[in-house]
Amino acid sequence: MNNLNNKLSLVALLQQLLAPAVILITLFATVWMISNQIPDKYLLLAIITFLTSTHIFEQLPLCSSVRQCFIEHSQELILSWSTVVAIVVILCLVSGILDRFPSKVLFTWFLITPFTLFASQILVSILIEQYISLKKVIRSAVVVGANDIGLYLAHKIANASCRPDKFMGFFDDRDISR
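The model shown is predicted, which means the values in this text are computed figures rather than measured ones.

Asker: Let's hear about the overall build of the chain: which residues, and what values?
Answerer: Across its full length, the chain holds five helices and two strands. Ordering the α and β elements of the chain from the N terminus gives α-α-α-α-β-α-β. Counting the 178 residues in the chain, one finds 33% classified as buried. Considering only residue pairs separated by 6 or more positions, the chain has 80% of its internal contacts joining residues 24 or more positions apart. Summing over all exposed atoms, the chain offers an accessible surface of approximately 11600 Å²; the carbon and sulfur share of this is 65%.

Asker: Tell me what's going on with the environment of Leu153, and back it up with residues and numbers.
Answerer: Locating Leu153 in the fold gives a position in helix H5 (residues 148-158). Taking the C-alpha atoms as reference, Leu153 lies 7.4 Å from Val143; in sequence the two are 10 residues apart.

Asker: Quick one: what's the story with the packing of aromatic side chains, residue by residue and with numbers?
Answerer: Enumeration over the complete set of coordinates arrives at four aromatic pairs. Ring geometry for Tyr42 against Phe101: centres 5.2 Å apart, planes inclined by 45 degrees, an arrangement best described as tilted. With Tyr42 in helix H2 (residues 41-56) and Phe101 in the loop between helix H3 (66-95) and helix H4 (103-134), this pair connects stretches of sequence that are 59 residues apart. Here Tyr42 matches Phe101 in class, with each residue buried. With 6.4 Å between their ring centres and 65 degrees between their planes, Trp81 and Phe110 make a pair best called edge-to-face. Taken together, the residues Trp81 in helix H3 and Phe110 in helix H4 connect sequence positions 29 residues apart. The class of Trp81 is buried, set by a relative accessible area of 3%. Given the relative accessible area of 16%, Phe110 is considered buried. Linked through ring pairs, Trp81, Trp109 and Phe110 together constitute an aromatic cluster.

Asker: Give a detailed account of H2, specifying residues and quantitative values.
Answerer: Helix length check: H2 (16 residues) gives 23 Å between terminal C-alpha atoms against 22 Å at 1.5 Å per residue, within 8%. Buried residues of H2: Tyr42, Leu45, Ala46, Ile48, Thr49, Thr52 and Ser53, and no others.

Asker: Please provide a residue-by-residue account of the confidence of the model for the chain, values included.
Answerer: For the chain, per-residue confidence averages 80 on the pLDDT scale, and 78% of positions sit at 70 or higher. Mean pLDDT across the elements of the chain ranges from a minimum in strand S2 (residues 166-171), with 71, to a maximum in H2, with 92. With pLDDT under 50 throughout, residues 1-6 is counted as low confidence; its partners more than four residues away or in other chains account for one contact.

Asker: I'd like to hear about a nonpolar patch on the surface, residue by residue, with values.
Answerer: Together, Leu13, Leu17, Leu43, Ile47, Phe50 and Leu51 give the surface a local cluster of nonpolar side chains, amounting to about 530 Å² of exposed area. Those elements giving two or more residues to the nonpolar patch turn out to be helix H1 (2-35) and H2. Among the elements that take part in the nonpolar patch, H2 stands out by supplying four residues, more than any other. On the secondary structure map, Phe50 appears in helix H2. On the accessibility criterion, Phe50 (30% relative accessible area) is partly exposed.

The rules we used
- Residues numbered from 1 in each chain as written.
- Predicted model: local features only at pLDDT ≥ 70, side-chain atom pairs only at ≥ 80, totals over all residues.
- Heavy atoms only, no water.
- Helix = DSSP H or I, 4+ residues; strand = E, 2+ residues; numbered from the N terminus.
- Buried < 20%, exposed > 50% of the residue type's maximum accessible area, 1.4 Å probe, protein only.
- Contact = heavy atoms within 4.5 Å.
- Areas by Shrake-Rupley, 256 points an atom, 1.4 Å probe, with all protein chains shown as cover.
- Phe/Tyr/Trp six-rings, centres within 6.5 Å; stacked < 30°, edge-to-face > 60°.
- Expected span 1.5 Å × (residues − 1).
- pLDDT = per-residue confidence, 0-100.
- Patch = residues over 30% accessible without salt bridge, like charges linked within 9 Å, V, L, I, M, F, W, Y side chains within 5 Å.
- Salt bridge = Lys/Arg side-chain N within 4 Å of Asp/Glu carboxyl O.

What follows is the structure in structure tokens.
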């Protein structure tokens, strides 16, 4: 059981670091495409961006389909990325280093990153689902409380993109008269 928890913790860590890693890879790829080199000055921008994005982006949720992922998570992803951009620009402005970076590189990076984040979220969702199914992890769910809120939660679980393999049912030790 401990080995299983370690593997699931690894999945959670991957989800947590996915967005910051993709953002940095996109930054360096953009710089490389535009200038065919990666000057040292971008290291400071990368550090600022990594620290900011690890605080802004939560674990990227798993998606069962492209459509579901786009409908449920695109707005949050774009809002989170816009927040990172605003904070990074303000920090670079205040520290006086913004003018060191060509605007073409920054604008291209700002525009491309939401697409790479979205694509990586879908790809990692597929890979994690494959990994979990190969490991024969059986996920179970139980709802405590057989009332309206419990029924609502059971409905949300049944329709979740990462729904459990087995729904165990409801537990409620209250009187039926309640």
